[in-house]
Amino acid sequence: VVKELVGNLLHVLQVLSSNGFFPVLQPAIGVGSSFEGWNPCEDDAVYSLLVPLQPPRGHTFHLELGTAGEMPANDSCVRVELECTCMREQLAENMLCFLHHPEEDLRRNQDPSLLRTLCTSSYLDVEKTALWFQNCVRSTWVEVPQSRRYSMKVLPSSRSCKLQLTNAFRRTLSVEMMFGVQQGDSDIFLSSQTTEAISTPSTTWPESYAVAEVKFFRHMARHAPPNSFHLKCLQLCARILVGTGFSTYTLKTVVMHLLTTLPLSGWRRRHFLLRLQDIMRYMRCCLEEKRLDHFFFGNERVPEEIVLPPAFQAAEPLNLFQHLVQDPATQAEALHEFMFLRDR
């Protein structure tokens, strides 16, 4: 239901913005636990989707991947440049070249460039992009077929578009649309998602692995036995984590590693308790060794159908528990909390 609704919404937005020079909206990709199949809060689910952006006519995107050699690239930016459109096939579109036509002609006869609307300096601005998208949704919702079945409210958000949809029976759907720019032809995006930083600059687009992760779980669904319980294991453990200092991303990373090291035939219903014990044992070992490797960096077990940038494949494994190495007190606290988690 959510994918169809968002697909219709994006189609309306694409048609209405096709003559301007705003980012070109691509089909949304469902990401996160709701689309991976293990949402720990099914009764209060948030359906997250990533909307890929492509540059409009006369523009190009250049991805600046943060500090040289630093992974993950959390301080990346999307630089916007104008390109010449004086070629004959471009002129057939009745478009003036932003680079080679007088400013006065451009101002009088053509909508402003993306650089003048959604950029700060020469960089695509997350907050301006989110606000533009939210305003478009408000003004075009009545054109979406589902508007006859759902009332829609845009919730406050500076880096995404959050919608609360309510039907005639007062049931609600919570939808969050983030924006992303693809790295080459890979499954890695620079996205508008928030980071753990206290304040994220509006021109910062952190690296996102959400599309690669949802592809991983689809791959496992195709290759696992029909009665596989690996998602139930993940869902139950995620529920147990509620109220602790452990993130669901840590848990998901643990399960992804186990799914590529243990035979998939060992994740059937009758193995349920054994696999729960394996997950807890793996987490404890990682805490004791102060090391949990990111799944997509320097990991030869990543399924081939997941397309990663070459730098990922050649990279040294990235330690998600590096903060435990730097602070022994934090490790002691995490181990203490893990004992409570295991008992739970």
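Now for a description of the structure that goes with this document.

The rules we used
- Residues numbered from 1 in each chain as written.
- Predicted model: local features only at pLDDT ≥ 70, side-chain atom pairs only at ≥ 80, totals over all residues.
- Heavy atoms only, no water.
- 1 Å grid on protein atoms, 1.4 Å probe; cavity = no way out; pocket = protein on both sides within 12 Å on 5 of 7 lines; lining within 4 Å.
- Points joined across faces, edges and corners; volume = space filled by probe spheres on them.
- Helix = DSSP H or I, 4+ residues; strand = E, 2+ residues; numbered from the N terminus.
- Nonpolar A, V, L, I, M, F, W, Y, C, P; charged D, E, K, R; others polar.
- Pairing = 2+ DSSP bridges.
- Phe/Tyr/Trp six-rings, centres within 6.5 Å; stacked < 30°, edge-to-face > 60°.
- Buried < 20%, exposed > 50% of the residue type's maximum accessible area, 1.4 Å probe, protein only.

### Quick notes on the layout of surface pockets
Roughly 330 Å³ of volume is contained in the second largest pocket. When residues in the lining of the second largest pocket are grouped by element, the largest group, 3 residues, is from strand β10 (residues 172-182). Taken together, the residues that form the lining of the second largest pocket break down as 5 nonpolar, 3 polar and 4 charged.

### Some points on the pairing of strand β3 (residues 46-54)
Direction of pairing for strand β1 (residues 24-25) relative to β3: antiparallel, over a ladder of 2 bridges. Each bridged residue has a counterpart across the sheet, and for L25 the counterpart in β3 is L53. One ladder, built from 3 bridges, connects strand β2 (residues 29-31) with β3; its direction is antiparallel. Residue pairing across strands places I29 opposite L50, the latter belonging to β3.

### A look at the packing of aromatic side chains
Inspection of every chain in the model, using the stated rule, returns 12 aromatic pairs. When the ring of F21 is compared with that of F98, the centres are 5.0 Å apart and the planes differ by 80°; the resulting orientation is edge-to-face. On the criterion of sequence distance, the pair formed by F21 in the loop between α1 (2-16) and β1 and F98 in the loop between α3 (88-91) and α4 (103-109) is long-range, its members being 77 residues apart. When sorted by exposure, F21 lands in the same class as F98, which is buried. Residues F216 and F295 carry aromatic rings whose centres are separated by 5.0 Å and whose planes lie at 70° to one another, so their mutual orientation is edge-to-face. One end of the pair, F216, is in helix α7 (residues 210-223); the other, F295, is in the loop between α10 (272-289) and α11 (310-314), with 79 residues separating them in the sequence. Judged by relative accessible area, F216 falls into the buried class, the value being 0%. For F295, a relative accessible area of 2% translates into the label buried.

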